[in-house]
Amino acid sequence: MYVMVTSRRSLLAVAAAISVLLGGWLWLRDSSLVAVEHVRITGVQGADALEIRQALDAAAKRMTTMDFDTKALRAAVAPFVLVNGMSATTSFPHTVRIAVSERPPVAALVSGGQRTAVAGDGTVLGSSLLTSALPTVNGSSEPTPGAKVDETSVLADLSVLDATPSVLRRFVARLFDGHEGLTVAMRNGLLVYFGNASRPHAKWLSFARVLATPSSLGAWYVDVRVPERPAAGISGASTSTPVQAGASDPTAAALAARLAVAVGGGSSSSSGQSETPSESSTEPPKEASGAPQSEVIT
């Protein structure tokens, strides 16, 4: 009997201790002793950066490092379609680090008489994120901010733009369907024949290597439909001179030098041109047409 009473008292004591500890933990978890005071945010940039940071900061500081809810952060930035996802880590007692991933605009979609920025995954971002640096793609239905583009041709264009190397992005003017299929028009007039949206990374790399090669001098188009066998179209000397793509064009020479470094093919800076793009790179594209050409296989 004595042993049973002792065992019962021991169990009650343990239960009481657990209750005290649990109550203390619950009190501490939501107390000011572990309130979030320092919020470190990375990965946010662009037109809505300030508003996104403010929303995340305010939401985080309503929590503690021992009771942190990432879902509340996502809800706070739900109105910003630019935000694709995030992760958060807490550091006892007062610090939270938030890493944000964004879906940046890759094109200006012209559709239904409207212009709007659109991300590489087809998310419509709205007109507030439009810039003059974004290349143009054309659609047939009115875009709604926050919705996803469902046109196959537009999604194909966006996949090509999403795969564009960062060093090339500012030079792309627009995408369109031409005689050679999907065609990219660069801002200096050079045309790049993709044919279709398959293997975009390989095709961009093939184009970069062609443009960084001396044999591309005088080309007004580069055909990368088969990326292993790219071809550069060279204008005939007896015709009116098209927009040049080789080292004779300062803009193209500077781009070629940067591309050569980017793809590990050496530098074209020996042409004497600066690697900084010239102002002419922002001019609207002038499509070449009708000029006799020969093909240089690189």
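Residues numbered from 1 in each chain as written. Predicted model: local features only at pLDDT ≥ 70, side-chain atom pairs only at ≥ 80, totals over all residues. Heavy atoms only, no water.

Chemist: Mind showing me how you'd approach the pattern of salt bridges here?
Modeler: Side chains carrying opposite charge are able to pair once their charged atoms draw close together. Tallying each qualifying case throughout the model produces 5 salt bridges. For aspartate 57, the salt bridge is made with lysine 61, and the minimal N-O distance between the two is 3.4 Å. Residue lysine 61 is classed as partly exposed on the basis of its relative accessible area, which comes to 41%. Note that arginine 103 and aspartate 121 form a salt bridge whose closest N and O atoms lie 3.3 Å from each other. Separated by 18 residues along the polypeptide, arginine 103 in the loop between strand E3 (95-102) and strand E4 (105-111) and aspartate 121 in the loop between strand E5 (114-119) and strand E6 (124-126) bring together distant segments of the chain. Take arginine 103: its relative accessible area is 17%, and that puts it in the buried class. The exposure class of aspartate 121 is partly exposed, given its relative accessible area of 37%. (Salt bridge = Lys/Arg side-chain N within 4 Å of Asp/Glu carboxyl O. Buried < 20%, exposed > 50% of the residue type's maximum accessible area, 1.4 Å probe, protein only. Helix = DSSP H or I, 4+ residues; strand = E, 2+ residues; numbered from the N terminus.)

Chemist: Help me understand the packing of aromatic side chains, please; the structure alone is not making it clear to me.
Modeler: Geometrically, a pair of aromatic rings is defined through the distance of the ring centres and the angle of the planes. What the rule picks out here adds up to 4 aromatic pairs. Ring geometry for phenylalanine 194 and tryptophan 204: centres 5.0 Å apart, planes at 65°, overall edge-to-face. Of this pair, phenylalanine 194 sits in strand E10 (residues 191-195) while tryptophan 204 sits in helix H5 (residues 200-211), and the two are 10 residues apart along the sequence. The residues phenylalanine 194 and tryptophan 204 share a single accessibility class, namely buried. The interplanar angle of 70° and the centroid separation of 6.0 Å between the aromatic rings of tryptophan 204 and phenylalanine 207 together place this pair among those described as edge-to-face. In this pair, tryptophan 204 and phenylalanine 207 are both assigned in helix H5, 3 residues apart and thus about one turn of the helix distant. Assigned by exposure class, tryptophan 204 and phenylalanine 207 land together as buried. Through successive ring pairs, a cluster of aromatic residues spans Tyr193, Trp220 and Tyr221. (Phe/Tyr/Trp six-rings, centres within 6.5 Å; stacked < 30°, edge-to-face > 60°.)

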